[in-house]
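Read off the chains here:
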Amino acid sequence: MSTAKGLGKSAGGEARAKALSAEQRKAISLKGVEARRERAMLPKATHGSSEHPLRIGNVEIPCYVLEDGRRVLSLGGMTKALGMSIGSAGGGEGDRLTSFVSGKAISPFISNDLASRMKTPIRFQAPTGGSAATGYEATILADLCEAVLEARQASALRPQQAHIANQCEILLRGFARVGIIALVDEATGYQKDRAKDALAKILEAFVAKELQPYLKTFPSDYYEQLFRLYGYEYPPKDKRPQWRPAFFGTITNEVVYNRLAPDLLPELKKAASKAEKRAKLHQWLTTDIGHPKLREHLASIVSILKLSKTPQQFRDNVNLVHPRYGETAQLDFGKHED
């Protein structure tokens, strides 16, 4: 039965396609090309999906982090979170939200800055691809809720808008404006990559300069497992935790440079010295050879970290699986005091 229905739909589609004129088919094709071109130019979300929304009580809002670091809530999710139904007589999913914000009841409580930001929703490409998505920066929701509650306090809302104010109260109880960024990062899994980027910048001061171009390639698990092995909290809080970045840099130099490949460091140093005159050579070494080899090596190091319960086990396992090239002395992998 389902097969017959599927064939019926397929036949119907073919019939409609045949009924189109050449000009109509060309117009549809051009429209598709234009849509793909638009999607290619949109900022891309690196984290987030509709399957892992931001949850506040019974409210679920799809959220994303864009490649430029902006945290975005989906327009449809925001609309539902405020107790509004999707769509309107006008059609688009944002119509009800836009109409509400510009309405007589709430507009006097909307600041010029918020009104301006609401007029420019963010179009972006979700990590899974597909049609372009629309949303707003995450902090807009908190600002909008505050405006709605101010309107309620001034008895400016209409009776049919009372449930929206109730939703805003629930949302504001669920997050503080400052906390919304952390909530989005946690829901999307961005918090570990955020911590990784921050650690990479700190470690640059302690890692051999030839290795620094690779630091962004290091997986979050590498940092997380190092922190676990040496008893430090991960991800680190904004205030500097009591850990030794210099020592972690020493470990990184040891397990990468002295174990990665024979004569790799001299070659990279040679390429770095010629970088100004022969930039392509430096790029070729780091991108086409360095990065693939590094990713493979790091995957092994992370596995060793996960299997090791103590720094001593980590040292022994690294020496067993990835012995140093050209040296016999062993580095003490225990904690060092500065």
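This text goes with the structure placed above it.
In this text, all values refer to a predicted model and were calculated from it rather than measured experimentally. Numbers given to residues run from 1 along each chain, matching the order in which its sequence is written. Note on the predicted model: pLDDT of at least 70 is required for a residue's local features to be given, and 80 or more for side-chain atom pairs to be given and counted; whole-chain, interface and lining totals, by contrast, use all residues. Heavy atoms throughout the structure, all of them, feed into the side-chain values; hydrogens and water do not.

Here we look at the sheet that holds strand S4 (residues 63–66)
Item 1. For two strands to be treated as a pair, DSSP must find at least two bridges joining them. The helix and strand labels rest on DSSP assignments: H or I over at least four residues marks a helix, E over at least two residues marks a strand, and numbering proceeds from the N terminus. Ordered in space as S1-S4-S5-S7-S6, the five strands form an open sheet in which the pairing is antiparallel. Both edges of this open sheet fall to strand S1 (45–47) and strand S6 (122–124), since each of them pairs with a single strand only. Between one strand axis and the next, the sheet turns by 50° as a mean value, whatever way the strands run.
Item 2. The sheet contact formed by S4 and strand S5 (residues 71–74) spans three bridges and is antiparallel. Bridged to Tyr64 within S5 is Val72.
Item 3. Contacts from helix H8 (residues 179–188) reach S1, S4 and S5, with the element oriented near 95° to S4. Angles run from 0 to 180 degrees between N-to-C directions of axes, and those axes are lines fitted to C-alpha atoms, restricted for helices to the stretch in contact. The contact definition used throughout considers only heavy atoms, calling two residues in contact when any of these lie within 4.5 Å.

A closer look at the pairing of S5
Residues in a regular strand point their side chains to alternate faces of the sheet.
Item 1. Side chains Arg71 and Leu73 project from S5 onto one buried face, and the interleaved Val72 and Ser74 project onto a second face that is buried too.
Item 2. In sequence, S4 turns back onto S5 through a hairpin of four residues, with Gly69 there showing a positive phi of about 95°. Exposure categories follow from relative accessible area, calculated using a 1.4 Å probe and restricted to protein chains: below 20% of the type maximum is buried, above 50% is exposed, and the middle band is partly exposed.

With respect to the side chain of Gln167
Item 1. With respect to the helices and strands, Gln167 occurs in helix H7 (residues 162–174).
Item 2. N or O atoms closer than or at 3.5 Å make up a polar contact, with two conditions inside protein: a donor-capable atom paired with an acceptor-capable one, and, for residues adjacent in sequence, both atoms drawn from side chains. Of note is the side chain of Gln167, whose polar atom sits 2.8 Å from the backbone oxygen of Ala81.
Item 3. Once you skip the residues sitting within four places of it in the chain, Gln167 turns out to touch Val59, Ala81, Leu82 and Gly83.

Topic: the pattern of salt bridges
Item 1. One speaks of a salt bridge when a side-chain nitrogen belonging to Lys or Arg is within 4 Å of a carboxyl oxygen belonging to Asp or Glu. As enumerated under the stated definition, the model contains eight salt bridges in all.
Item 2. Residues Asp68 and Arg70 are paired through a salt bridge, measuring 2.8 Å at the closest nitrogen-oxygen approach.
Item 3. Residue classification places Arg70 among the partly exposed positions, given a relative accessible area of 27%.
Item 4. Linking Asp143 and Arg117 is a salt bridge whose minimum nitrogen-to-oxygen distance equals 3.0 Å. Residue Asp143 is located in helix H6 (residues 139–153), and its partner Arg117 is located in helix H5 (residues 112–118); the two are separated by 26 residues in the primary sequence.
Item 5. With a relative accessible area of 16%, Asp143 lands in the buried category.

Brief notes about the environment of Gln191
Item 1. Mapped onto the fold, Gln191 is located in helix H9 (residues 190–203).
Item 2. Look at Gln191 and you get partly exposed, because its relative accessible area is 26%.

Concerning the packing of aromatic side chains
Item 1. Side-chain rings of Phe, Tyr and Trp, where Trp is taken by its six-membered ring, are said to pair if the distance between their centres is within 6.5 Å; with planes under 30 degrees apart they count as stacked, over 60 as edge-to-face, and otherwise as tilted. This structure, assessed with the given rule, holds six aromatic pairs.
Item 2. When the ring of Tyr222 is compared with that of Tyr223, the centres are 5.5 Å apart and the planes differ by 80°; the resulting orientation is edge-to-face.
Item 3. With a centroid separation of 6.3 Å and 70° between ring planes, the pair formed by Phe227 and Tyr232 is classed as edge-to-face.
Item 4. Classification of Phe227 as buried rests on a relative accessible area of 1%.
Item 5. Taken together, the ring pairs in this structure connect Phe227, Tyr230, Tyr232 and Phe248 into an aromatic cluster.

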